[in-house]
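Spelled out, the chains give:
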Amino acid sequence: MKSKLIRILTIISIASLLPLFMGQEDCQINDTVQQLMDTLNKKMPPPPGQDKLYITHLTFMDALTKTSIANTEVAELINEAVIKGMTEAQNKNNKLAINEPGHLIENTDNNNNNLVNTTFDPNLDKNDKINKIINEMMTPNNVDVIVTGHYIDDAQNPKVSVRPLVIVKHNQKIVTKNLQFTKSELMCTDPNSQKKILCRAAHDQIAQAVQELLEEL
Amino acid sequence: MKKFTVLLIIMGLVGLGWQTLWPADSFKFPSTIKYKLLKNDRVVGSCRFEYEVKGKFENTSSLKLVNFEGMGLTSQQWLQTYIFTKDSSIYATFILEGKKPASEIRLKEGVGFDGSAGQVFVYKELTSPDQIQTELFTQYPVIDLVSSFFVASRKVAAGNLTKAEKFNFFFGKSTKIMDMMSIGTEKVPYQGKEVSTQVLIVRYNNVEIFRFKIFQDADGYYFPLSVIVVTDFTGSSQDTFEMRANEIQK
């Protein structure tokens, strides 16, 4: 109950929610928290001249080797969790449009490599990198948001880091959440097919993190 | 007559010296502002805004919204924001329950999207180890609703009204780039009189979110006499919500 109250106070200030609370008893506040938060988020207007915020997805990057993890087993599994999170965010906010025709950066090796090369280019500073991503990848493809991430499997560290990154063009920012798993928490085996899969909890946490970040555009 | 002239010159020099020594102090903001909370012009509660020049963190000032009364929230819950004294940008902001921070946003050293170190804003809740990090790529000052009371007043005091100014506005767990701009003057009732205020609006993607009516009193203190929260961005709702100052302490 307390955590819900905290959440609402954080989503928007106390003051901006007061009118929504007024006339309600204490105990009713928490029951309406999620609904109010969703309503306010949906009401935030998209950029001028647009009805929607256009979101696309590129495969995670290996922040140690500075390469894309595309075409690896774990990449496809993480992609599935990320797409699930994006879809759930869209279900909660119909102003979000995912991989719509005309507003898409195809998740190809070429595009993944472009993103990696720009992100880790030692000759560019951070602002140049973000401007290059916006000007050369997002604007020509009419995309407002890229969902991608870092994947770090460091032999020195018992934990694997899975860090979704959400690049937001109109607010000139990147929001991210760092998730850490032991290898056995991240990768499991499907008892039926004996194929490698993401463990259920890891899959859900990655999807949940993406969904949460897409509420902060 | 001569003595009087000498006295005037001395007073002038002292005044000039004071201004040179303390240019930042030319902006005066009240230590306390009491607000009534109004819904559709009907008083439904009250709260208090507090300002301290020196915050508990180095080079910061403290701003608080406290003592909510007359609604579902309890006076145990309050908002506190620390701003850098130099440019009024946020260093940290807390939502507190009693003395405990229930959540916080803080400027920290973090790992950026390219793996390099840099300053980022980190949001976290007391009850969860999870953190959301925001990495900004603009130099716009970072503000939130609490600090916007101060920043809007300072903007009017500086006479910086001709063009819209951009801010990274903390809205929830992360920021949105919003514009603050003047749209003219308006008379507002204050302590039995109609007084003139400068009206500033805060817009997101060209849609108004907040409206501040900034007043300068006879002693040169600037503060929001009225803060209006636009609760329905579509404009279809007739409800208005307003915080209106009825008393200050200097």
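Residues numbered from 1 in each chain as written. Chains lettered and ligands numbered in written order. Predicted model: local features only at pLDDT ≥ 70, side-chain atom pairs only at ≥ 80, totals over all residues. Heavy atoms only, no water.

Colleague: Summarise the overall build of chain A; cite the residues concerned and give the values.
Modeller: The number of helices and strands found in chain A is eight helices and 10 strands. For chain A, contacts bridging at least 24 residues in sequence account for 63% of all contacts bridging at least 6. For chain A, the exposed area adds up to about 9500 Å²; of that, 46% sits on carbon and sulfur atoms. (Helix = DSSP H or I, 4+ residues; strand = E, 2+ residues; numbered from the N terminus. Contact = heavy atoms within 4.5 Å. Areas by Shrake-Rupley, 256 points an atom, 1.4 Å probe, with all protein chains shown as cover.)

Colleague: Requested: an account of the pattern of salt bridges, with residues and values cited.
Modeller: In this structure the tally under the stated criterion is 22 salt bridges over all chains. Between lysine 126 of chain A and glutamate 135 of chain B there is a salt bridge, and its shortest N-O distance comes to 2.9 Å. Of this pair, lysine 126 of chain A sits in helix α6 (residues 126–138) while glutamate 135 of chain B sits in strand β8 (residues 131–136), each in a different chain. Assessed through its relative accessible area of 19%, lysine 126 of chain A is described here as buried. Arginine 203 of chain B serves as the salt-bridge partner of aspartate 179 of chain B, at 3.6 Å between the closest nitrogen and oxygen. Placement of aspartate 179 of chain B in strand β11 (residues 174–190) and of arginine 203 of chain B in strand β12 (residues 193–204) is noted, with a sequence separation of 24 residues between them. In this structure, a network of salt bridges that share partners links the residues Lys177 and Glu212 of chain A together with Asp130 and Lys173 of chain B. (Salt bridge = Lys/Arg side-chain N within 4 Å of Asp/Glu carboxyl O. Buried < 20%, exposed > 50% of the residue type's maximum accessible area, 1.4 Å probe, protein only.)

Colleague: Tell me about the pairing of strand β10 (residues 165–171) of chain B, residues and numbers included.
Modeller: Residue and element names in this part refer to chain B. The element β10 is extensively covered by neighbouring structure, given that five of its seven residues are classed as buried. Viewed along the sheet, the connection from strand β9 (residues 142–143) through helix α2 (residues 145–157) into β10 turns out right-handed. Turn length for the β10-β11 hairpin, with the two strands adjacent in sequence and antiparallel, is two residues, and the turn residue glycine 172 shows positive phi of about 90°. (Right-handed = clockwise from strand over helix to strand, strands pointing away. Pairing = 2+ DSSP bridges.)

Colleague: I'd like a description of the confidence of the model for chain B, backed by residues and values.
Modeller: Residues and elements named next belong to chain B. Across chain B, pLDDT averages 86, with 84% of residues at or above 70. The low-confidence segment residues 10–24, where pLDDT is below 50, has one contact with residues more than four positions distant or belonging to other chains. ipTM for the predicted complex: 0.84, alongside a pTM of 0.85. (pLDDT = per-residue confidence, 0-100.)

Colleague: So, helix α5 (residues 109–119) of chain A: which residues are in play, and what are the values?
Modeller: Where α5 of chain A is concerned, the buried positions are Asn111, Asn112, Leu115, Val116, Thr118 and Thr119 of chain A. Considering only its buried residues, α5 of chain A is in contact with β2 (61–62), β3 (67–68), α6, β5 (145–152) and β6 (159–168) of chain A.

Colleague: Go over the state of the cysteines, please, and point to the residues and values.
Modeller: Residue and element names in this part refer to chain A. Within the structure shown, the criterion is met by one disulfide over all chains. Disulfide pairing is shown between cysteine 188 and cysteine 199; the S-S distance is 2.0 Å. Handedness here is read from the sign of the S-S torsion; for cysteine 188 and cysteine 199, about 100°, the answer is right-handed. In this pair, cysteine 188 is assigned in strand β9 (residues 187–189) and cysteine 199 in the loop between β10 (196–198) and α8 (200–213), connecting sequence segments 11 residues apart. Looking at cysteine 188, the relative accessible area reads 27%, which means it is partly exposed. Here cysteine 199 falls in the buried class, since its relative accessible area comes to 7%. (Disulfide = S-S within 2.5 Å.)

Colleague: Summarise the packing of aromatic side chains; cite the residues concerned and give the values.
Modeller: All names here are of chain B. Using the criterion set out here, one finds 21 aromatic pairs over all chains in the structure. Between phenylalanine 27 and phenylalanine 29, the aromatic rings sit 6.1 Å apart at their centres with planes inclined by 40°, giving tilted as the arrangement. Of the two residues, phenylalanine 27 and phenylalanine 29, both sit in the buried class. An angle of 90° between the planes, with centres 5.4 Å apart, marks the rings of phenylalanine 29 and tyrosine 51 as edge-to-face. Of this pair, phenylalanine 29 sits in the loop between α1 (2–21) and β1 (32–39) while tyrosine 51 sits in strand β2 (residues 42–52), and the two are 22 residues apart along the sequence. A relative accessible area of 15% means that tyrosine 51 is categorised as buried. An aromatic cluster of at least three residues, connected via ring pairs, comprises Phe27, Phe29, Tyr35, Phe49, Tyr51, Phe149, Phe150, Phe212 and Tyr222. (Phe/Tyr/Trp six-rings, centres within 6.5 Å; stacked < 30°, edge-to-face > 60°.)

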